[in-house]
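Each chain is listed here by its residues.
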Amino acid sequence: MTRSAREAAVTPERRAERTAYLASLLPAHVRERDEAAGGLLHALLEAVAGELAVVEDDLQRLYDAWFVETSPEWVVPYLGELVGVTGLPPDLGDAGPGRRAVVANTIAYRQRKGTVAVLEQVVRDVTGWPAMAVELYRLLATTTHVNHVRTDRPAWASLRSAADVELASPRLASGALTRTARTGEVRAVAPGPTGGRGRYGIPNVGVFVFGLQVYDAVAQPAHRDDDGVVTTWHTHPLGLDQPLFAPPAVEESVEHLAGEADLPVPLRPRRFLTALRAARAGQPGEPVPVAVRVEDGAPLAPDRIRVCGLEDLAPTDGWQVMVDVVTGRLHPYLDGAAGTPGALHVDHAYGAVADVGAGTQDRSGAHEDTLAADAFIGDTDRGGAAVLGVQSQVAVRSVPPPQAGEPDLEVSVADAVTTVADTWADPGSTGGTHVVSVGDSEEYAGVGIDVPAETRLVVVAASWRGRRLLSGDVEAPVPGVYSPEGLRPRVVGDVVVTGAAGSSVLLDGLVVSGDVVVRPGDLGSLTLGQCTVAGRVRVEADEAVGPEAANRGLTVTLRRSEVGGVDLAPTVPRLRITDGVVDPALAPTGPVEAVDAAGAHAAVAGTTLLGDLRCRVLELTSSVCDGVASVVDAQRGCTRYSYLGPGSRTPRRYRCVPPSDTTTTDAPSYVSTVPGSPSYAALAPSAPASIRRGGEDGAEMGVHHHLHRPGRIDAARRLVAPYVPAGLQIAMFGS
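No experiment lies behind these values; they were computed from the predicted model shown. Residue numbers restart at each chain and count upward from 1, following the sequence in its written direction. Note on the predicted model: pLDDT of at least 70 is required for a residue's local features to be given, and 80 or more for side-chain atom pairs to be given and counted; whole-chain, interface and lining totals, by contrast, use all residues. To get the side-chain values, all heavy atoms of the structure are used, and hydrogens and water are removed first.

Considering the sheet that holds strand β11 (residues 344–352)
Threshold: Strand pairing follows a simple DSSP-based rule, namely that at least 2 bridges must link the two strands. Going along the chain from the N terminus, every DSSP run of H or I of four or more residues is numbered as a helix, and every run of E of two or more is numbered as a strand. Note on definitions: angles span 0 to 180 degrees between N-to-C directions of axes, and those axes are lines fitted to C-alpha atoms, for helices only across the stretch in contact.
As summarised here, the arrangement of the 3 strands in space is β3-β11-β6, forming an open sheet in which the pairing is antiparallel. Each edge of the open sheet carries a strand with a single partner, namely β3 (213–221) and β6 (291–294). In this sheet, neighbouring strand axes are inclined to one another by 25° on average, regardless of whether the strands run parallel or antiparallel. Alignment of β3 against β11, held across 7 bridges, turns out to be antiparallel. Bridge pairing in β11 links proline 221 to histidine 345.

Some remarks on the packing of aromatic side chains
Rule in force here: Between rings of Phe, Tyr and Trp, where Trp is taken as its six-membered ring, a pair exists when centres lie within 6.5 Å; planes separated by under 30 degrees are stacked, by over 60 edge-to-face, and by other angles tilted. Charge-over-ring placement is defined geometrically: NZ (Lys) or CZ (Arg) within 6 Å of the ring centre, and within 35 degrees of the ring normal.
Overall, the coordinates contain 7 aromatic pairs when judged by the stated rule. Cation over ring: arginine 18 sits above tyrosine 21, and NZ or CZ is 4.6 Å from the ring centre.

Re the nonpolar core
How we decide: To form a nonpolar core, buried Ala, Val, Leu, Ile, Met, Phe, Trp, Tyr and Cys residues must be joined to one another through side-chain atoms within 4.5 Å. Here the term buried applies to any residue with accessible area under 20% of the maximum for its type, exposed to any over 50%, and partly exposed to those in between, with areas from a 1.4 Å probe on protein chains only. When checking whether two residues touch, look at their non-hydrogen atoms; a contact exists if any pair is within 4.5 Å.
Counting residues in each nonpolar core, the largest one holds 59 residues, and the members touching the most others are Ile449, Leu528, Leu575 and Val595. With near-sequence residues (within four places) excluded, isoleucine 449 lies in contact with Val417, Leu457, Val459, Val495, Val496, Val497, Thr498 and Val505. If you look at the next biggest cluster of nonpolar residues, it comprises 30 residues, including Ala65, Val76, Leu119 and Val205.

As for the pattern of salt bridges
Selection rule: When a carboxyl oxygen of Asp or Glu lies within 4 Å of a side-chain nitrogen of Lys or Arg, that pair is called a salt bridge.
Applying the stated criterion across every chain, the model contains 32 salt bridges. With its nearest N and O atoms 3.4 Å apart, the salt bridge here joins arginine 124 to glutamate 120. Residue arginine 124 and its partner glutamate 120 are both found in helix α8 (residues 116–127); the two are separated by 4 residues, about one turn of the helix. For the pair formed by arginine 124 and glutamate 120, the shared burial category is buried. Where aspartate 374 meets arginine 456, a salt bridge forms, and the shortest distance between an N and an O atom there is 2.9 Å. Of the two residues, aspartate 374 sits in the loop between α12 (364–373) and β12 (390–396) while arginine 456 sits in strand β16 (residues 455–461), which places them 82 residues apart along the sequence. Among the residues examined, aspartate 374 registers a relative accessible area of 7% and is labelled buried. Via salt bridges that share partners, Glu166, Glu260, Arg268, Arg270, Arg271 and Glu286 belong to a single interconnected network.

Honestly, that's just the spatial picture; any functional story needs more than this.
In structure tokens, the structure reads:
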């Protein structure tokens, strides 16, 4: 920051406070004479106070930079050099872990050098993911002394111990939790598509890395799926199968060795049963990771929650719920017979590779970035200065009354939009940004939105309440100050949007079971931020009405969203997709193309397209187009660091796979392409290196490019090498 910038950063309040401080150092009679003389001395003190504030701020920043806990991120590598740490991973910002923990814990690492625990901790700090170190040589089947039989390491797997068989499954934790001994291997633990060839050898130590994130979902309504014969309830808001998780425990010390409870792995039925039995008996144990409420009642007691496939119904009356943790399905029973309650609410946890799509994660930073990147210009002048902020905000909750500090509520999104539209009836109330905040995770009917000119409507999943003061009073909520986290509301049906010139609509954190449709009009911007749309994003234009209804100035933007497809009228000029997934499998009754935007200039970055792409001009970066890309104007635009399906006609390619449309080469493979899977659209470890590491900066192509997973693993391999016990070899498995 330059000196002029630092001086500009001194606020008037701080300048006045420093001026008052300097004035207080003068004798009272001097201040009185200066005031009588016109205040020239006071004006001089104001000028000096600004410089004093700049110097004080510089000193405070310098003092903060002395300590790794408070230093700016750019100082961390220099502090690392002081303790001999080199080869730190790149700064990933909000997308990944910082380098601060590695430098801060270096001394602790060296004090524990050569132990298994330090291998875990180094990899965890470098990658930001949970890790588990396993001394693989301890899992070798050996002949033991009859006086020291190793019963914890059987050479033969017992089918009677179902829990041990579950732990040995490679699908659970890549085999990290197995208790069954193996025969020895003499091949080296060389990195390979499956993580290494000679895993179980005498000198081998394995570090298993788990790149999944686990999210708590509290008071989430279960999705009811009634096929006319059987009623099934799903924890996924779209009725998809998804495995349940237990939130990993927080490891508080370096010496702690990770176990199943510390890892983001799917919840095993027998682990769930063990937690339930401990809760039923009132014994200490792992907290029950699933809670169910029937209609408006209290959470069911542990003896009324049963594990599907392992337990029968309890011999009692009232509601009971069978929980299938493998698929996330719920089966309610009333008095021993299948029942159909009015609603089920579930506290549970689910997993995903990244914060993509609607979810309960904290979206504050991403939401601010989405607002800043919106093409809407009504809130700023040409110099970028704020002109009109949030003009109004309406809160939505389906179950009033409001909580303490909450304003008056609407009970549906449609009612909230109507309330905002009523304010637009006054010509002086249009313009600026208006917010509809959905404050719970309930289901709401589809909604129609008609936005006047030069006005933006934001519909966001966020709680909005006033700040509680120390006196116990609660401040009134401030429009535009809300918390977008912990909620995942669902819109059942279509969201239909119409806008006048210069208008904008932004949807954030919503699950939409239908389509997002833009009707003929002159909408300026449509933005979806971290939304999941089971249908397609469609823009309609009616040339017969006239050019004013053709949406000729519309910019469609998708940021970290999952949608079933994009269909744009030929008059729509711009399409932007960033860090998302476009998969026609989400909308199985729609077209098979991922993107059909024949007249648009499409800018796609860090995105996985599981279908064909059509557009006029294409700018493709670090993406996977697992279909045929057809570009009308191949003389403009570019494709770089991306995969393109066979037969694609694109602009000139730069470091793409394949390098030209006449060659055949590697093709991507995925851990799962099933929506609802924790590893949905994630590249498999067996995917070709040209795709896993072919994105910009050596990262993977596709939706998870922003995680820089290969760079994290490479940095972990470099930094953990000095701590490997002498004579042993280390290999890393997993993400």
